[in-house]
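# Overview (structure and organization)
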Amino acid sequence: MSSRPNARVSIQTGDFDLSTEVARLRADHKGVGAVCSFVGTVRDRNDGQPVSAMELEHYPGMTEKAIEAMIDEAFRRFDILGARVIHRVGPLQPLDQIVLVVVTSAHRGQSFQACEFLMDYLKTQAPFWKKEQTPEGARWVDARVSDDAALARWGISASNA
């Protein structure tokens, strides 16, 4: 699992600190005028059912490579200065942080767009598998058609239906 301080992608079991990650991304970039971040957390409900815990699995090496490619694409599409994605794996509880996307740019519009693009891409294309614990037992969670629609607005098609 990657945890290098200046890595663009980290897959880890441990939690992360938003302010620390933003500071790392901004360090030595005097042209940064905007920082946009997204933090995803574990909910206690999904599809109307209670969720007591969640476990995320990934394919080491392949996951980091796929997310690096997503970040490369964000740099091609948007005028950004930096990007960082942290995704946790392993067992998680409601309220735990799952994912962090941070993007820096000279102006806010590019940061907002790139952050949203990366999240839409992560939700459908990153090789993660999510299992939720519910009162009826464990269940694997598939990507949603609405996530595919979000990605489609960027001109990328996915088939998670």
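Preceding block: the structure.
Just so we're clear, the structure is a prediction, and the values are computed from it rather than from any experiment.

### Structural notes on the environment of Ser 52
The topology assignment puts Ser 52 in the loop between strand S4 (49-50) and strand S5 (53-58). For Ser 52, a relative accessible area of 46% puts it in the partly exposed group. Linking Ser 52 and Gln 133, residues 81 residues apart in sequence, is a C-alpha distance of 5.6 Å. With residues up to four places along the chain from it excluded, the contact list for Ser 52 reads Gln 93, Pro 94 and Gln 133.

### A look at the side chain of Glu 21
Topologically, Glu 21 is positioned in helix H1 (residues 18-26). Residue class for Glu 21 comes out buried when judged on its relative accessible area of 6%. Other than its neighbours up to four places away in sequence, Glu 21 contacts Arg 84, Ile 86 and Leu 100.

### Overview of a nonpolar patch on the surface
On the surface, Tyr 59, Met 62, Trp 129 and Trp 140 cluster together into a nonpolar patch covering about 470 Å² of accessible area. With respect to the secondary-structure elements, Trp 129 resides in strand S9 (residues 128-134).

### Points about the packing of aromatic side chains
The tally for this structure, following the rule as stated, stands at two aromatic pairs. An aromatic cluster is built from Phe 78, Phe 117 and Tyr 121, whose rings are joined through pairwise contacts.

### Quick notes on the pairing of S9
Across six bridges, S5 lies against S9 in antiparallel orientation. Note on S9: the bridge partner recorded for Leu 56 is Lys 130. Inspection of the sheet shows S9 paired to strand S10 (residues 137-141) by five bridges, in the antiparallel sense. Bridge pairing links Thr 134 to Gly 137 in S10. The turn linking S9 back onto S10 is made up of two residues.

### Some details on the pattern of salt bridges
For the coordinates displayed, the defined rule picks out eight salt bridges. Of the charged contacts, one joins Asp 72 and Arg 8 as a salt bridge, the two residues approaching to 2.6 Å between their closest N and O atoms. Of the two residues, Asp 72 is situated in helix H2 (residues 62-77) and Arg 8 in the segment before strand S1 (9-12); the sequence distance between them amounts to 64 residues. Judged by its relative accessible area of 33%, Asp 72 falls in the partly exposed class.

### Notes on the sheet that holds strand S6 (residues 80-88)
With respect to topology, four strands assemble into an open sheet ordered S1-S6-S8-S2, the strand pairing being mixed. Of all the strands in the sheet, the pair left with one neighbour each is S1 and strand S2 (34-41). Averaged over all adjacent pairs, the angle separating strand axes in this sheet is 10°, with direction ignored. As paired strands, S2 and strand S8 (residues 97-105) are joined by eight bridges and run antiparallel to one another. Pairing of Gly 40 across the sheet is with Val 99, part of S8. Relative to S6, H2 is tilted by about 155°, and along the sheet it contacts S1 and S6. Against the sheet, helix H3 (residues 108-125) touches S2, S6 and S8, its axis set at about 145° to S8.

### Comments concerning the sheet that holds S5
One open sheet accounts for four strands, arranged S7-S5-S9-S10; its pairing is antiparallel. The open sheet has two edge strands, strand S7 (90-92) and S10, and neither has a second partner. Going across the sheet, the axis of each strand differs from the next one's by a mean of 25°, ignoring polarity.

Thresholds, definitions, all that
- Residues numbered from 1 in each chain as written.
- Predicted model: local features only at pLDDT ≥ 70, side-chain atom pairs only at ≥ 80, totals over all residues.
- Heavy atoms only, no water.
- Helix = DSSP H or I, 4+ residues; strand = E, 2+ residues; numbered from the N terminus.
- Buried < 20%, exposed > 50% of the residue type's maximum accessible area, 1.4 Å probe, protein only.
- Contact = heavy atoms within 4.5 Å.
- Patch = residues over 30% accessible without salt bridge, like charges linked within 9 Å, V, L, I, M, F, W, Y side chains within 5 Å.
- Areas by Shrake-Rupley, 256 points an atom, 1.4 Å probe, with all protein chains shown as cover.
- Salt bridge = Lys/Arg side-chain N within 4 Å of Asp/Glu carboxyl O.
- Phe/Tyr/Trp six-rings, centres within 6.5 Å; stacked < 30°, edge-to-face > 60°.
- Pairing = 2+ DSSP bridges.
- Axes fitted to C-alpha atoms, helices over the stretch in contact; angles between N-to-C directions.

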